[in-house]
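One letter stands for each residue in the lines below.
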Amino acid sequence: MKLFGYEFRKISKKEISQVSAYGGTGLIQLASREYPMLLSTVYRCVDLISDSVAVLPLEVFRLDEAGFKMKDTKHPIYELLDLEPNENMTRYVFIKTLMASVLLTGNGYAYIERGEDGVTPIQLVYIPSNQVSIQWIVDKEGIRRKRYLVSGFTQLVEPCDMIHVLNFSYDGIIGVSTLTHARQTLGIATSSEEHAAGFFKSGAAVSGVLTIEGARLTKEQKEQNYKQWEERSNSNNGRPGGIVILEGNMKYQPISISPKDSQLLESRQFNVVDICRFFSVSPVKAFDLSKSSYSTIEATQLEYLTDTALPVITKIEQEINRKVFSRAERSMYKAEFNTSAILRADKAAQGAFWKDMANVGAATPNEIRREIGMSRIENGDEAFVQVNVMTLKNAVKEKMIEGNQE
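Residues numbered from 1 in each chain as written. Predicted model: local features only at pLDDT ≥ 70, side-chain atom pairs only at ≥ 80, totals over all residues. Heavy atoms only, no water.

Novice: Teacher, can you tell me more about the packing of aromatic side chains here?
Specialist: Pairs of aromatic rings are described using the distance from one ring centre to the other and the angle between the two planes. Scanning the entire structure with this criterion turns up 5 aromatic pairs. Seen from their ring centres, Phe-325 and Tyr-333 are 6.3 Å apart, and the 10° between their planes marks the pair as stacked. The burial state of Phe-325 is the same as that of Tyr-333; both residues are buried. Between Phe-353 and Trp-354 the ring centres are 5.0 Å apart and the planes differ by 70°, which places this aromatic pair in the edge-to-face class. Classification of Phe-353 as partly exposed rests on a relative accessible area of 34%. The class of Trp-354 is buried, set by a relative accessible area of 15%. (Phe/Tyr/Trp six-rings, centres within 6.5 Å; stacked < 30°, edge-to-face > 60°. Buried < 20%, exposed > 50% of the residue type's maximum accessible area, 1.4 Å probe, protein only.)

Novice: Can you help me understand the sheet that holds strand β3 (residues 58-63) in this one?
Specialist: Sheets are built from strands that pair by backbone hydrogen bonding, the pairs being arranged parallel or antiparallel. If you trace the 3 strands from one edge of the open sheet to the other, you get β4-β3-β14, paired in antiparallel fashion. Of all strands in the sheet, those with a lone pairing partner are β4 (69-71) and β14 (333-337), marking the two edges. Sheet twist, expressed as the mean angle between neighbouring strand axes with direction ignored, is 40°. Relative to β4, β3 runs antiparallel, the two sharing 3 bridges. Bridge pairing in β4 places Leu-63 opposite Lys-69. (Pairing = 2+ DSSP bridges. Helix = DSSP H or I, 4+ residues; strand = E, 2+ residues; numbered from the N terminus. Axes fitted to C-alpha atoms, helices over the stretch in contact; angles between N-to-C directions.)

Novice: Help me understand helix α4 (residues 40-54) in this model?
Specialist: Two residues of an α-helix separated by three or four positions point the same way, owing to the 3.6 residues in each turn. Its 15 residues place the ends of α4 21 Å apart at the C-alpha level, agreeing with the 21 Å of an ideal helix rising 1.5 Å per residue. Here α4 lies mainly inside the structure; 13 of its 15 residues are buried. (Expected span 1.5 Å × (residues − 1).)

Novice: Help me out: how do you make sense of the confidence of the model for the chain in this one?
Specialist: Mean pLDDT for the chain: 76, with 68% of residues reaching 70 or above. For the chain, the element scoring lowest by mean pLDDT is strand β2 (residues 6-7), at 44; strand β9 (residues 162-166) scores highest, at 95. Low confidence marks residues 1-8, where pLDDT is under 50. Its contacts with residues over four positions away, or in another chain, come to 21 contacts. Every residue in residues 255-267 scores below 50 in pLDDT, and together they form 13 contacts with partners more than four places removed in sequence or on other chains. (pLDDT = per-residue confidence, 0-100. Contact = heavy atoms within 4.5 Å.)

Novice: Hey, could you run me through helix α12 (residues 347-359) in this one?
Specialist: With 13 residues, α12 ought to run about 18 Å at 1.5 Å a step, and its terminal C-alpha atoms sit 18 Å apart, in line with that. Following α12 by one or two positions, Gly-361 adopts a phi angle in the positive range, close to 75°.

Novice: Please clarify how the pattern of salt bridges should be interpreted in this entry.
Specialist: Pairing of side chains with opposite charge becomes possible as their charged atoms draw close. Counted according to the given criterion, the structure contains 11 salt bridges. Salt-bridge contacts for Lys-69 lead to Glu-336; the nearest nitrogen and oxygen are separated by 2.6 Å. One end of the pair, Lys-69, is in strand β4; the other, Glu-336, is in strand β14, with 267 residues separating them in the sequence. By relative accessible area, Lys-69 is classed as partly exposed at 44%. For Glu-336, a relative accessible area of 16% translates into the label buried. Arg-145 is paired through a salt bridge with Asp-139; the nearest N and O atoms lie 3.4 Å apart. A single salt-bridge network, built from bridges that share partners, covers Asp-47, Asp-51 and Lys-96. (Salt bridge = Lys/Arg side-chain N within 4 Å of Asp/Glu carboxyl O.)

Novice: Would you take a moment to explain the side chain of Glu-319 for this structure?
Specialist: Checked against the element boundaries, Glu-319 lands in helix α11 (residues 294-323). The exposure class of Glu-319 is buried, given its relative accessible area of 7%. One polar contact links the side chain of Glu-319 to the main-chain amide nitrogen of His-164, over a distance of 2.9 Å. Every residue in contact with Glu-319, bar those within four places of it in the chain, is listed here: Met-162, Ile-163, His-164 and Val-165. (Polar contact = N/O pair within 3.5 Å; in protein donor to acceptor, adjacent residues only side chain to side chain.)

Novice: Mind showing me how you'd approach a nonpolar patch on the surface here?
Specialist: Together, Val-55, Tyr-92 and Val-93 line one region of the surface with nonpolar side chains, adding up to about 230 Å² of accessible area. Exposure remark for Val-93: the relative accessible area of 38% places this residue in the partly exposed category. (Patch = residues over 30% accessible without salt bridge, like charges linked within 9 Å, V, L, I, M, F, W, Y side chains within 5 Å. Areas by Shrake-Rupley, 256 points an atom, 1.4 Å probe, with all protein chains shown as cover.)

This is the structure we're talking about:
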């Protein structure tokens, strides 16, 4: 196919299979992402956000002329989005991997493989961000056009065939990793962890000076004392809490400060809060319960859904809707995450939600039973409304009728 004077063709199956994340090359090293992910707070934040989106069903809806939605399980891409984006991944694994890439590298990519008609998607293939780069071409009219250069692909990929989810971005073209903004904090946090690990690995020992009163040692004697001290201090097979017996005129004096004096524990606590800020996650969600209560946890859950999960869900939905569906289908079909799945584990909130929906006639008993996994009942397809309220107009009319009867 020719576009703006450039030749484009569909990427072959062989080229797609060469993508490392798709072809099954074994353990994928985190490379530059590996070091920060050793921090428990970063791991928790990335795991939490990616899990929160991955657990939500991604469903296809058909819109009528009035804008009302109806789930369309017969659409060709319904199973593709909600169950199996590609032959190697479930929807959960695909979305979680994509979101982890977004948070850790700033960009998440998935190539849309289309069928013989060149329109219908048949696979969404995740591509690691380090294998994708942005290229610009100039058409005959001198207009710069964005294309994607994928390692292993012999042709450039058009934007309509590449799902590209951005993290925070300064130009709307390339996303910036959260780790890039948090680099200084992560450096401090990593140093704290290394210091703590070294401190406890050494048996919680501190550095010091060993003096021998009234004697001037030769170089050989010093080396012998170093060797004997090391042997004696490590004679407990790596177990902390051992002792070393000093000889008559030897004296030991520590010269390093304790972890408490260096505020090691306090700095590690601060690191948790600061890293959570970069990921828009409450410290409570990262299991820092030092300043929490039941009411705080309840409010935190609502805040997390609105301030952290919802923006992520929205950016993925919009990217999928504008690229998976053809232009002719956009006005008729829409892919959305089913956020009611969040209530599945909270039975009290789930019950309150469906009760309110039933009271206003927005859901029938059978619709509610279907959503909570129960079977259909007879005469359960009628909506009900409460009759103990009425419009102000009818209330005035009824009062006038009563007055006339008197």
